[in-house]
Amino acid sequence: MLQAFPAEGLGRVTTIVTRNHGEELLRLNFYLKSLVHGGHFLQALHYFKGLHSSNDPKPDNYTLSIAVTACANLHDTKLGTQLHAYSVQSRLGAFLGVGNSLLSMYAKSWDLASVKKVFGEIKSPDIYSYTTLLSAGTKLGDIDYACSMFNKFPQWNVAVWNAMITGSGSVGYDHIAFEFFKQMQAKGVKPDHYTFASILSYCSSEKVDFGKQVHCLVVKTGFFCRVSVINSLLTMYFECTSAAEGYSVFEDAELEVRDQITYNAIISGLVSMERYDEAVMRLKDMLSVGLSPTESTIVSVMGACFFPQIAQQVHGLAIKSVLAECIIVSNAAISMYSNVGDLGAACRVFERLKERDAISWNAIITSYAKENLVQDAIFSYNEMQSHGIAPDEFSIGSLLACSESLEER
């Protein structure tokens, strides 16, 4: 479909499509939407500008909504503001789709004042309008405003409750998120999987008992089949060092429900609790069911490797999965090889790095320090600074430990 509209410009587009302007605009809108969905935001705006300049066919509310969405994804507030002015001038802003697109654009630009203004211009807001305003208000710090607006909105829809729960929780107002969760139940509004996944993610060690109550409600309401909820439960239990409960959640989850995030959560959790052998076993399980490891998987498992043979196998998996080029994976590989006493392999990984950050330098300095190679550690320390990277407490700490070990000998 995209090939029917070559990149040379709008003039050539109009020679291909039908002369019927309504059908022509419909096809062009479809093409613009395809561009935006494909991430080609600049190209979409290029066509919109051409269409707007020619005014033949004349852009409609759908065309404008798509253009505003492209601006939102590019965070181009200057052009977005111009499109807002055009929506007022052309009266296309009266359409709900245009208003909601403008709301989303200003929310992504962290412009709460404009979000409020656009919302005030929408004559008949829908659930998307309400949730966008509430999310922006909470996430941009105006909790009082969001709460006051929430009290004016229809509260039968779970989406408006989710907006308050996720918005307030994401900026550190966990207590407000918990209060809204309790209120929605008191009012008979049933939580959905999004509600459960969000509220569980805010349950720290101090709130683990509350999290367990939510877990019971998840099972009771039949949402344990949703992978996002399972992943949130896993993360909560392991962050609260409740390995037994976390393991139980993993085992109870249906095999076909588990995804990469599920395995990453349990692997990371097991590593954090120093249950290294089990973490490696879960990686094997993950591969056996056909799931590919991610950067997070590899980095976590590398932290669980203390035998050279296993370290080589995990690094080989990273190379095979085309993840070894990622700097966070390479940094983890340096530390892993250092932990198993293979300094040569650690140095080879370091030398192959195309770009090195502070973690890369700290990892190789620490590797030399563990082997009491003071001169090599100092050389790397100086090289780190010559590349414009300032040493931190880890760099200095490794050098000091190396020096103290040398003095004791």
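Whatever comes next refers back to the structure up there.
Residues numbered from 1 in each chain as written. Predicted model: local features only at pLDDT ≥ 70, side-chain atom pairs only at ≥ 80, totals over all residues. Heavy atoms only, no water.

Participant: What should I look at first to understand the overall build of the chain in this one?
Facilitator: When helices and strands are counted, the chain shows 24 helices and zero strands. For a compact globule of 409 residues, the expected C-alpha radius of gyration is about 22 Å, and the chain comes in at 27 Å, more than 25% above that figure. When its C-alpha atoms are laid out on the principal axes, the chain stretches across 85 × 55 × 40 Å. Buried positions account for 47% of the 409 residues belonging to the chain. By sequence separation, contacts in the chain at least 24 residues apart represent 59% of the contacts at least 6 residues apart. For the chain, the computed accessible surface area is about 20,700 Å², with 53% contributed by carbon and sulfur atoms. Taken together, the 32 basic and 41 acidic charged side chains of the chain have centroids lying 11 Å from each other. (Helix = DSSP H or I, 4+ residues; strand = E, 2+ residues; numbered from the N terminus. Rg over C-alpha atoms; globule rule 2.2 N^0.38 Å. Buried < 20%, exposed > 50% of the residue type's maximum accessible area, 1.4 Å probe, protein only. Contact = heavy atoms within 4.5 Å. Areas by Shrake-Rupley, 256 points an atom, 1.4 Å probe, with all protein chains shown as cover. Lys, Arg positive; Asp, Glu negative; His and termini not counted. Charge placed at Lys NZ, Arg CZ, Asp CG, Glu CD.)

Participant: Before we go on, may I ask you to explain the packing of helix α13 (residues 208-221) against helix α14 (residues 227-239) in this structure?
Facilitator: Each packed pair of helices is defined by two parameters, the angle between the axes and the distance between the axes. At a minimum axis distance of 11 Å, the contact between α13 and α14 shows a crossing angle of 155°. Classified by the angle between their axes, α13 and α14 sit roughly antiparallel to one another. Crossing handedness for the pair α13 and α14: left-handed. Residue-level contacts link Gly-211, Lys-212, His-215 and Val-218 of α13 to Val-229, Leu-233, Met-236 and Tyr-237 of α14. Of the residues that constitute the contact of α13 with α14, the class distribution is five nonpolar, two polar and one charged. (Axes fitted to C-alpha atoms, helices over the stretch in contact; angles between N-to-C directions. Parallel < 35°, antiparallel > 145°, perpendicular 65-115°, else oblique. Left-handed = near helix turned anticlockwise from the far one by under 90°. Nonpolar A, V, L, I, M, F, W, Y, C, P; charged D, E, K, R; others polar.)

Participant: Is there a simple way to think about the environment of Thr-81 in this case?
Facilitator: Mapped onto the fold, Thr-81 is located in helix α5 (residues 77-90). Linking Thr-81 and Met-105, residues 24 residues apart in sequence, is a C-alpha distance of 9.6 Å. Leave out the neighbours within four places in its chain, and Thr-81 touches Met-105 and Tyr-106.

Participant: Would you mind going over the nonpolar core with me for this structure?
Facilitator: Burial of nonpolar side chains together is a common tendency in soluble globular proteins. If you look at the biggest cluster of nonpolar residues, it comprises 127 residues, and the most contacted ones within it are Phe-181, Ile-199 and Met-302. Setting aside anything within four residues of it in sequence, one finds Phe-181 in contact with Ile-165, Pro-191, Thr-195, Phe-196, Ile-199, Phe-210, Val-214 and Leu-217. (Core = buried A, V, L, I, M, F, W, Y, C linked by side-chain atoms within 4.5 Å.)

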